[in-house]
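# Breakdown of the fold
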Amino acid sequence: MNLAVIGTGYVGLVSGVCFTLGGNHVICVDKDEEKIARLGQMKSPIYEPGIEALIEMNLKEGRLKFSSDLRESVRLSDIVILAVGTPSLPNGEADLQYIESAAADIGRAMEGYKIIMTKSTVPVGTNEKIRQIIAAHTGYPFDIVSAPEFLREGSAIQDTLHPDRVIIGLDNPALEPVMRELHQGFTENIVVTDIRSAEMIKYASNAFLATKISFINEIANICEKVGADVTEVAEGMGLDRRIGSSFLQAGIGYGGSCFPKDTKALIQIAGNVDYEFKLLKSVVEVNQGQRFMILAKLHESIGSLQGATIGIWGLAFKPNTDDVRESPAREIIEALVKEGAHVKVYDPIAADNFRKQYDHPLIHWCAVPEEAGTGSDAVCLLTDWAVFKDIDLHLLAAGMRKPILIDGRNVYSKEQIEGTGLEYYSVGRPRMGGLSGLSPSVAGAV
Ligand SMILES: NC(=O)c1ccc[n+]([C@@H]2O[C@H](COP(=O)([O-])OP(=O)(O)OC[C@H]3O[C@@H](n4cnc5c(N)ncnc54)[C@H](O)[C@@H]3O)[C@@H](O)[C@H]2O)c1
Ligand SMILES: O=c1ccn([C@@H]2O[C@H](COP(=O)(O)OP(=O)(O)O[C@H]3O[C@H](CO)[C@@H](O)[C@H](O)[C@H]3O)[C@@H](O)[C@H]2O)c(=O)[nH]1
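About the criteria used
Note that residues are indexed from 1 along each chain, following the sequence as it is written. Each chain is given a letter, starting from A, and each ligand a number, starting from 1, according to the order in which they appear as written. Selection of residues for local features in this predicted model requires a pLDDT of at least 70, selection of side-chain atom pairs for listing and counting requires 80 or more, and totals for whole chains, interfaces and linings are taken over all residues. To qualify as a helix, a DSSP run of H or I must reach at least 4 residues; to qualify as a strand, a run of E must reach at least 2; elements of each kind are numbered from the N terminus. With C-alpha atoms as the basis for the radius of gyration, the globule rule is written as 2.2 Å multiplied by the number of residues raised to the power 0.38. To assign burial, the other C-beta atoms lying within 10 Å of each residue's own C-beta are counted, with C-beta atoms placed from the backbone; 20 or more indicates buried, 12 or fewer indicates exposed, and intermediate counts indicate partly exposed. Whether two residues are in contact depends on their C-beta atoms, placed from the backbone: they are in contact if these lie within 7 Å. Near, as applied to residues and a molecule or strand, means the residue's backbone-placed C-beta atom lies within 6 Å of it. Domain start and end points were adopted from an automatic or database domain assignment. Gly is placed with the polar residues, together with every amino acid not listed as nonpolar (Ala, Val, Leu, Ile, Met, Phe, Trp, Tyr, Cys and Pro) or charged (Asp, Glu, Lys and Arg). UniProt positions are given in the numbering used here, feature names are shortened, and annotations may be inferred rather than shown by experiment. Any two strands between which DSSP finds at least two bridges are classified as paired. Note on method: axes are straight lines fitted to C-alpha atoms, helices fitted across the in-contact stretch only, with angles between N-to-C directions ranging 0 to 180 degrees. Under this scheme an angle from 65 to 115 degrees is roughly perpendicular, one under 35 degrees roughly parallel, and one over 145 degrees roughly antiparallel; angles in between are oblique. Crossings are sorted by hand: turned counterclockwise from the far helix by less than a right angle, the near helix makes the crossing left-handed, and turned clockwise it makes it right-handed. Here a nonpolar core is just a set of buried residues of the types Ala, Val, Leu, Ile, Met, Phe, Trp, Tyr and Cys, joined wherever their C-beta atoms sit within 7 Å. As a per-residue measure, pLDDT tells how confident the predictor is, with possible values from 0 to 100. Directions drawn from the helix axis to the C-beta atoms are what define this arc.

## Focus on the overall build of the protein chain
The helix and strand inventory of the protein chain stands at 20 helices and 14 strands. For the protein chain, whose C-alpha radius of gyration is 24 Å, the value lies close to the compact-globule estimate of 22 Å for 446 residues. The principal-axis extents of the C-alpha atoms in the protein chain amount to approximately 75 × 45 × 40 Å. Going through the 446 residues of the protein chain one by one, you find that 45% of them count as buried. Pairs at least 24 residues apart make up 69% of the contacts formed inside the protein chain by residues separated by at least 6 positions.

Given below as structure tokens:
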């Protein structure tokens, strides 16, 4: 089949490249001409393990093209995939301007029947809106399919080629065999549903995963006060198959381009039909507060941050990506700067992206993780990059002004910390080193 994918962000690029593997011919379209020019030279605009090799292979084999010419790309395709961004408006609602404008462009470009398949995350009812916009710009027939995307950044290719399930929302049953053929080889687990339910499945899935994270973070906060260890608690809970072990990793909360915006959008979707989604509102509130536990622990361990030097490990919202959208690191670093601290930051991949969005004279950009520790009063780990796990913690402690490590992602085991001389704070686990090895509230109680 011939496919045109509109929007060459994570979703458009990765799904476009992966659809070529099924023998389809794919044109990835973007209005950003610089992006298209770079892609033509096999340079990926996103950091995603394995993507450049796949781009190179498919370009050479002639199954993949990049273009900024939407009209021509639509004309040449059987299926047009919408993968443009749906960012948040200030009130949390999804901003549909890119969807609406692309739909109008698709309508204007059509010169025959097309299947329009939406992969962007869009509020319930949006595909019907897309249908109306396209119909207003063309007299040719077309069908609409909602096919929300569930890939994760950092494992996007694997997630696309081997998804847990594919959701297909449609209202013309004749499309089902085409959709099954398109996803052949990816998974047998194809759920065909109506369009509105497919749109809702995407938001409900992200909201549920975000809920698991905020739930375990609140359990972690209680664990700290009662002297329990949240990693043991999560392991014990996760063995119950009804609960499952994934997304129970306590830390400084979720970030990224999806959970923060999609939880807020679902609250708005509910609000628009006069339903107050109380649970999800709390999930968002808990997540927003969780990042500030880093600052609370800094205050607890070193007092005033004015003039202190704080090392930061990790700027990306999670490992294996250079994406810093909604990364908790941003607000933490801004708060440190506001309190007058010198901040020495290191991230293996995301530093350039972060720096383009935020810089300050009090920030020093480090070339290696150890540099962020040298002469510092504390080091805070914000992203669980594998490189941090292997750092020599004895050397780290020896080079610091005060040997304080605040681990926002529970990366280190008790055994790794013991004997290093570090005063170690993590999330929902007993403090190590320092006065008693117990958190102050527990120490006070015994
Ligand atoms: N990033 C993820 O991991 C992920 C995963 C699943 C779903 N989603 C959803 O998929 C959608 C896309 O996300 P993303 O992160 O890939 O987006 P992105 O914002 O990184 O990229 C979107 C691209 O679309 C292009 N674009 C916008 N309007 C266009 C037009 N009219 N014609 C051609 N190109 C146009 C932009 O230039 C940009 O390059 C969003 O709705 C998002 O919520 C994202
Ligand atoms: O136990 C956990 C798991 C994740 N996180 C954090 O949650 C955020 C999101 O992580 P992840 O879900 O791995 O990354 P995304 O790439 O944002 O993927 C999510 O958002 C995408 C966009 O909608 C969906 O397609 C995916 O299915 C969904 O997992 C990150 O900040 C993680 O650090 C935790 O704090 N604890």
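Now that the structure has been shown, we can carry on.
## Concerning the site of ligand 2
In the neighbourhood of ligand 2, 21 residues make up the surrounding shell, with E153, Q249, Y254, G256 and C258 lying closest. Sorting the residues of the shell around ligand 2 by element identifies α9 (195–226) and α11 (259–272) as the ones contributing at least two each. Here the shell around ligand 2 takes 3 residues from α9, the largest share from any one element. Looking at the shell around ligand 2, you find at least three residues from each of domain 1 (2–193) and domain 2 (202–289).

## Let's talk about the site of ligand 1
Around ligand 1 there are 28 residues in total, and G7, G9, G85, S120 and T121 lie nearest to it. Mapped onto the shell around ligand 1, the elements with two or more residues apiece are α1 (10–20) and α5 (97–109). When its residues are assigned to classes, the shell around ligand 1 shows 11 nonpolar, 10 polar and 7 charged.

## Examining the UniProt feature "domain: UDP-glucose/GDP-mannose dehydrogenase C-terminal" (unreviewed entry) in the protein chain
UniProt annotation of "domain: UDP-glucose/GDP-mannose dehydrogenase C-terminal" (unreviewed entry) refers to residues 311–414 when read in the numbering used here. Along residues 311–414, the helical share is 34% and the strand share 18%, with 21 Å between the first and last C-alpha atoms.

## A word on the sheet that holds strand β3 (residues 64–67)
Ordered by their spatial adjacency, 8 strands build an open sheet running β3-β2-β1-β4-β5-β6-β7-β8, and the pairing between neighbours is mixed. Looking along the sheet, the strands with just one partner apiece sit at the ends: β3 and β8 (190–193). Strand after strand, the sheet turns through a mean of 25 degrees between neighbouring axes, direction not considered. Across the sheet, α1 is in contact with β1 (2–6), β2 (25–29), β3 and β4 (79–82); its angle to β2 comes to roughly 165 degrees. The strands touched by helix α6 (residues 126–137) are β5 (114–118) and β6 (142–146); relative to β6, the strand with the most contacts, the crossing angle is about 160 degrees.

## Observations regarding the domain arrangement of the protein chain
Along its sequence, the protein chain is carved into domain 1 (2–193), domain 2 (202–289) and domain 3 (291–445). Counting residues at the interface gives 12 residues for domain 1 and 10 residues for domain 2. Partitioning the side of domain 1 that touches domain 2 into residue classes produces 6 nonpolar, 4 polar and 2 charged.

## Points about the packing of α9 against helix α10 (residues 230–238)
Here α9 crosses α10 at 135 degrees, and the two axes come no closer than 9 Å. What the angle tells us is that α9 and α10 run oblique. Remark: the crossing between α9 and α10 carries right-handed chirality. Each of I216, I219, A220 and C223 in α9 lies in contact with α10, whose residues at this interface are V230, V233 and A234. Counted by class, the contact of α9 with α10 contains 7 nonpolar, no polar and no charged residues.

## Some thoughts on the nonpolar core
Formed by 121 residues in total, the largest nonpolar core has its most connected members in I6, I310, I312 and C380. Among the elements that take part in this core, α9 stands out by supplying 9 residues, more than any other. With sequence-adjacent residues up to four places away left out, I310 is seen in contact with L298, L305, L336, A341, V343, S376, D377, A378 and C380.

## A few points about the UniProt feature "binding site: substrate" (unreviewed entry) in the protein chain
Mapped onto this numbering, the UniProt entry annotates "binding site: substrate" (unreviewed entry) at F150, L151, R152, E153, K202, F247, L248, Q249, A250, G251, G255 and K318. Annotated residues spanning 169 residues; largest pairwise C-alpha distance 24.1 Å, indicating distribution over more than one region. Note that G255 resides in the loop between α10 and α11. Not counting chain neighbours up to four residues away, the residues in contact with G255 comprise P260, F317, E326, S327 and P328. Of note, K318 is situated in the loop between β9 (309–313) and α14 (328–338). Overall, the presence of 20 C-beta atoms within 10 Å leaves K318 in the buried class. Not counting residues within four places of it along the chain, the set of residues in contact with K318 comprises G154, G256 and T383.

## Description of the confidence of the model for the protein chain
In this model, the protein chain carries a mean pLDDT of 95, and residues with pLDDT of at least 70 account for 97%. Model confidence for the complex: the whole-complex pTM is 0.95, and ipTM, which rates the interface, is 0.98.

## A short note on the environment of P141
As for its placement among the helices and strands, P141 is situated in the loop between α6 and β6. Of the residues examined, P141 has 10 C-beta atoms within 10 Å and is grouped as exposed. Put simply, P141 and T383 are 242 residues apart on the chain and 48 Å apart in space, counted from C-alpha to C-alpha.

## A short note on α14
Within an α-helix, residues lying three or four positions from one another point in the same direction, as the helix has 3.6 residues per turn. Residues P328, A329, I332, I333 and L336 constitute the buried set of α14. For α14, the angular spread of the buried residues around the axis is 120 degrees, confining them to a single face. In this structure, the buried residues of α14 make contact with α13 (293–302), β9 and β10 (342–346). G340 sits one or two positions beyond α14 and adopts a positive phi of about 85 degrees.

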